[in-house]
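Coordinates in review
Listed below are the residues making up each chain.
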There are 2 protein chains.
Amino acid sequence: MKNTIRLATKKDMKSVHDLIIELAVFEKEPDAVEVTINNLEEDGYGKQPKFTCFVAETDSEIVGVALVYKRYSTWKGEVLHLEDLIVKENMRGSGLGSALLNKVVKHGNKIGVKRISWEVLDWNEPAINFYEQKGADVKRDWDVVHLNENGIKNYLNNI
Amino acid sequence: MKNTIRLATKKDMKSVHDLIIELAVFEKEPDAVEVTINNLEEDGYGKQPKFTCFVAETDSEIVGVALVYKRYSTWKGEVLHLEDLIVKENMRGSGLGSALLNKVVKHGNKIGVKRISWEVLDWNEPAINFYEQKGADVKRDWDVVHLNENGIKNYLNNI
């Protein structure tokens, strides 16, 4: 099997979208994905791309994805955020996750950021172990907060 | 006392920086702030601003700040992230935190995002209660992961 990690092209967005759906199912939120293939194509490959995407290919099939973009830390300045790191279920354990993360860290280093961040489910022990082995700091005392679309509407109705 | 919430200008970055330092002290990481006033001025007020900043003023003194930027969700598309919501210690409980958050949610609604996200320390119960009262979902099972500057170097030395 020949594995390749490369920058994704617009044409890859169908396969990337499939992997996004697969991850949402794994995370027990199958209906949460509102982004379409067309959205990914426009958002990633327009005049001002909203993300950078890398894919893992095995024998010319896309079996993994890492999607990143820049954030702004008031402590560290511009930082890189890894939004999704996905490896197709039947390919897990094959080293593709590491290979994708390597690519992301190299990319972060190249653009000169002082931090790469991401989020992890606290019950996903295999992922947490993987990240900690890589030297990342899983901040168990920091939680993520979301105000979703309905939340925004309700909020505005109550002020 | 006259309270105002308004968009910050470049000239406000000194006061904003003071508040960022104050928050870092509260979060027990006083030495973590590497961003300078000059960085904030360049990053927020250049050709491609890296963030949008709102300030709370009381009698013409800046006593609060909310700093936001856009992120990209592979589920929801472009979303808004609230990086910092800071109210000067002696002004907490005065409603300025709510007023700043109101401004952020209005801004998010105006630019049409489907989610506003932020992060909270799980021991900061007053903050968590405040956010939950506002309808936000504190995702206690989602942790934040950081690979910092040294972590990036070590990582690259080991692959």
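Residues numbered from 1 in each chain as written. Chains lettered and ligands numbered in written order. Predicted model: local features only at pLDDT ≥ 70, side-chain atom pairs only at ≥ 80, totals over all residues. Heavy atoms only, no water.

1. Comments concerning the overall build of chain A
When its secondary structure is counted, chain A shows 5 helices and 6 strands. If you list the helices and strands of chain A from N to C, you get β-α-α-β-β-β-α-β-α-β-α. Here the C-alpha radius of gyration of chain A, 17 Å, is about what a compact globule of 159 residues would show, namely 15 Å. When the backbone C-alpha atoms are referred to their principal axes, chain A occupies close to 60 × 35 × 35 Å. Put simply, chain A has 159 residues, and 49% of those count as buried. Looking at chain A alone, contacts between residues at least 24 apart form 55% of all its contacts between residues at least 6 apart. Across chain A, 22 positive and 25 negative side-chain charges occur, with their mean positions spaced 9 Å apart. (Helix = DSSP H or I, 4+ residues; strand = E, 2+ residues; numbered from the N terminus. Rg over C-alpha atoms; globule rule 2.2 N^0.38 Å. Buried < 20%, exposed > 50% of the residue type's maximum accessible area, 1.4 Å probe, protein only. Contact = heavy atoms within 4.5 Å. Lys, Arg positive; Asp, Glu negative; His and termini not counted. Charge placed at Lys NZ, Arg CZ, Asp CG, Glu CD.)

2. Structural notes on the pattern of salt bridges
Counting across every chain of the model gives 22 salt bridges over all chains. Among the salt bridges present, the one from Glu34(B) reaches Lys114(A), with a minimum N-O distance of 2.9 Å. Of the two residues, Glu34(B) sits in the loop between helix 1 (13–26) and helix 2 (37–45) while Lys114(A) sits in the loop between helix 3 (96–110) and strand 5 (115–121), which places them in two different chains. Using a relative accessible area of 28% as the deciding quantity, one classes Lys114(A) as partly exposed. Measuring nitrogen to oxygen at the nearest pair gives 4.0 Å for the salt bridge that ties Glu132(A) to Arg140(A). Salt bridges here are not isolated pairs; linked through shared partners, they connect Arg6(A), Asp12(A) and Glu57(A). (Salt bridge = Lys/Arg side-chain N within 4 Å of Asp/Glu carboxyl O.)

3. Regarding the relation of the copies chain B and chain A
The transformation that overlays chain B on chain A combines an axial shift of 0.0 Å with a rotation of 180°, and the residual RMSD is 0.0 Å. Interpreted geometrically, this transformation is the action of a two-fold axis. Across chain B, the smallest distance between a C-alpha and the rotation axis is recorded for Asp143(B), namely 2.6 Å. Residue by residue, 100% of the interface of chain B is reproduced at the interface of chain A, so both copies engage with the same surface. (Least-squares fit on C-alpha atoms with pLDDT ≥ 70 in both.)

4. As for the interface of chain B and chain A
Across the contact, 64 residues belong to chain B and 64 residues belong to chain A. Summed over both sides, the interface between chain B and chain A buries roughly 6,800 Å², with carbon and sulfur atoms accounting for 56% of that surface. The largest per-residue losses of area from chain B upon contact with chain A belong to Tyr72(B), Trp75(B) and Trp142(B), which jointly make up 14% of the total buried on that side. Applying the counting rule to chain B against chain A returns 8 salt bridges. Counting the contacts that link chain B with chain A gives 38 residue pairs in polar contact (both at pLDDT 80 or more). If one sorts the elements of the side of chain B that touches chain A by residue count, strand 6 (residues 137–148) of chain B sits on top with 12 residues. Partitioned by chemical class, the residues of the side of chain B that touches chain A number 29 nonpolar, 13 polar and 22 charged. Of the pairings in the sheet, the one linking strand 6 (residues 137–148) of chain A to strand 5 (residues 115–121) of chain B comprises 7 bridges and is antiparallel in character. (Buried area = accessible area lost by both parts, 1.4 Å probe. Polar contact = N/O pair within 3.5 Å; in protein donor to acceptor, adjacent residues only side chain to side chain. Nonpolar A, V, L, I, M, F, W, Y, C, P; charged D, E, K, R; others polar. Pairing = 2+ DSSP bridges.)

5. Overview of helix 3 (residues 96–110) of chain B
Look at helix 3 of chain B: 21 Å from first C-alpha to last across 15 residues, which is about the 21 Å you get at 1.5 Å a residue. Backbone geometry just downstream of helix 3 of chain B places Gly112(B) in the positive-phi region, at approximately 80°. (Expected span 1.5 Å × (residues − 1).)

6. Some points on unusual backbone geometry
All names here are of chain A. Its identity is not glycine, yet Lys-28 carries a phi of approximately 65°, on the positive side. Position of Lys-28 among the secondary structure elements: in the loop between helix 1 (13–26) and helix 2 (37–44). Positive phi values are uncommon outside glycine, yet Asp-59 reaches one of about 45°. Its location among the elements puts Asp-59 in the loop between strand 2 (52–58) and strand 3 (61–73).

7. With respect to the environment of Asn90(B)
Residue and element names in this part refer to chain B. By the element assignment, Asn-90 lies in the loop between strand 4 (77–87) and helix 3. Since its relative accessible area comes to 61%, Asn-90 is described here as exposed. Here the alpha-carbon distance between Asn-90 and Ile-37, two residues 53 residues apart in the chain, equals 23 Å.

8. Some remarks on the pairing of strand 4 (residues 77–87) of chain A
All names here are of chain A. In terms of residue burial, strand 4 counts as a mostly covered element, since 9 of its 11 residues are buried. In terms of strand pairing, strand 3 meets strand 4 through 10 bridges, oriented antiparallel. Counterpart to Gly-64 in the pairing with strand 4 is Val-87. Bridge analysis of strand 4 against strand 5 gives 2 bridges, and the strand direction is parallel. Each bridged residue has a counterpart across the sheet, and for Leu-80 the counterpart in strand 5 is Ile-116. Note that the unit made of strand 4, helix 3 and strand 5 has a crossover that is right-handed. (Right-handed = clockwise from strand over helix to strand, strands pointing away.)

9. So, helix 2 of chain A
Each full turn of the α-helix corresponds to 3.6 residues, which orients residues three or four apart in the same direction. Those residues of helix 2 of chain A lying buried are Leu40(A), Asp43(A) and Gly44(A). Angular distribution of buried residues about the axis of helix 2 of chain A spans 85°; they occupy a single face of the element. Structurally, helix 2 of chain A contributes buried residues whose contacts are with helix 1 of chain A together with strand 3 (61–73) of chain B. (Arc of directions from axis to C-beta.)

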